[in-house]
Amino acid sequence: MIAALALTLFAGCDKQVLGPVLDGATGFSFAAPVLNMETEPADENILRIPVFRAAGSEDMANIKCEFYDPETKSYVAADPEGRFRLATTRVMFLDDARTGYVQVGYSSLDDFGMTEKYSFRLSIDSPITPGGYSTTMVTVNRRLTFDSLGTGTFYDEFLFYETYDVEILKAREGEIYRVMHPFDEGLVAEDYVKNGWYTTPSEYIQIEVKPNGEIRFDEFANGMYFQKTYVVYGVNPPERKEHLEADCSGFSNSWLDSKTLSLYPFYYIKGYGYFDCYPMIITLP
């Protein structure tokens, strides 16, 4: 399996960001072909995406921003949803600076859903440094503020025989929970690590209870290295994009009581095959 290179950036952060090595060359580059960003009120409705400049290059890079239009199934210059806009098509580098910033604005953070992710594509229309990235796909979501509720419990029938204690976080902004490090203890205790069927699991499972009562969760890696070759993922059945032939109509996420959530992840291997939906039981503190 080949993991795509990704770099997580935080909008409004002025700390130095490590980018491609540009010494001994000229031209410009993005930090990576995929950039994941979070935004919050302190960003004042502006996303700042770094562009790196090699020494001796021009002091300006031309930038193009494009948005996917589902109707035409193509990239267009204006956001079909009217959410984002490119502030300027040029990035200026002052006083021999090696880093400049593309500024993409949005009208209001209220236009963002609690957990939805939004994407656009940036391209540099200027010379690119050898080995650099001329294009980057930027994915943006709202940054949430999480507080610990305490210790709950976690059981996953697909992987485990036992139930394990976990920390549960809740977002201030809505009924969104994070089950922290849910697989770490069980993968060791039930010999996945010992037997070599272990790969790094997701740090948390994020669960959202929508105002209409619908329960969904983000896709996650459960840490199982199937046949010591394949990474296993769990996805909310209605949100899967592969193996749609599998019948998941008999499974639904629900509250068992006021503290206990029952989820049914659809477990699969990307581009390879699938297992089925298995119950996952989470008890809140």
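Worth saying up front: this structure is predicted, and the values here are computed from it rather than measured.

A. Structural context of the pairing of strand β3 (residues 34-39). The alternating pattern of β3 places L35, M37 and T39 on a buried face and V34, N36 and E38 on a face that is not buried. Bridge analysis of β3 against strand β11 (residues 135-142) gives six bridges, and the strand direction is parallel. Residue pairing across strands places E38 opposite N141, the latter belonging to β11.

B. Examining the layout of surface pockets more closely. In this structure, the second largest pocket encloses a volume near 550 Å³. For the lining of the second largest pocket, a count of residues per class yields two nonpolar, one polar and 12 charged.

C. Local environment of the sheet that holds strand β22 (residues 273-277). What the four strands build is an open sheet, ordered β17-β18-β21-β22; its pairing is antiparallel. Unpaired on one side and paired on the other, β17 (220-226) and β22 mark the two borders of the sheet. Pairs of neighbouring strands in the sheet enclose a mean axial angle of 25°, with direction left out of account.

D. Just the side chain of S126, in detail. Within the fold, S126 resides in the loop between β10 (118-124) and β11. Those residues in contact with S126 that lie beyond four places of it in its chain are F28, M60, A61 and N62.

Each value, and the rule that gives it
Residues numbered from 1 in each chain as written. Predicted model: local features only at pLDDT ≥ 70, side-chain atom pairs only at ≥ 80, totals over all residues. Heavy atoms only, no water. Buried < 20%, exposed > 50% of the residue type's maximum accessible area, 1.4 Å probe, protein only. Helix = DSSP H or I, 4+ residues; strand = E, 2+ residues; numbered from the N terminus. Pairing = 2+ DSSP bridges. 1 Å grid on protein atoms, 1.4 Å probe; cavity = no way out; pocket = protein on both sides within 12 Å on 5 of 7 lines; lining within 4 Å. Points joined across faces, edges and corners; volume = space filled by probe spheres on them. Nonpolar A, V, L, I, M, F, W, Y, C, P; charged D, E, K, R; others polar. Axes fitted to C-alpha atoms, helices over the stretch in contact; angles between N-to-C directions. Contact = heavy atoms within 4.5 Å.

Without other data, these values stay purely geometric and don't point to any function.
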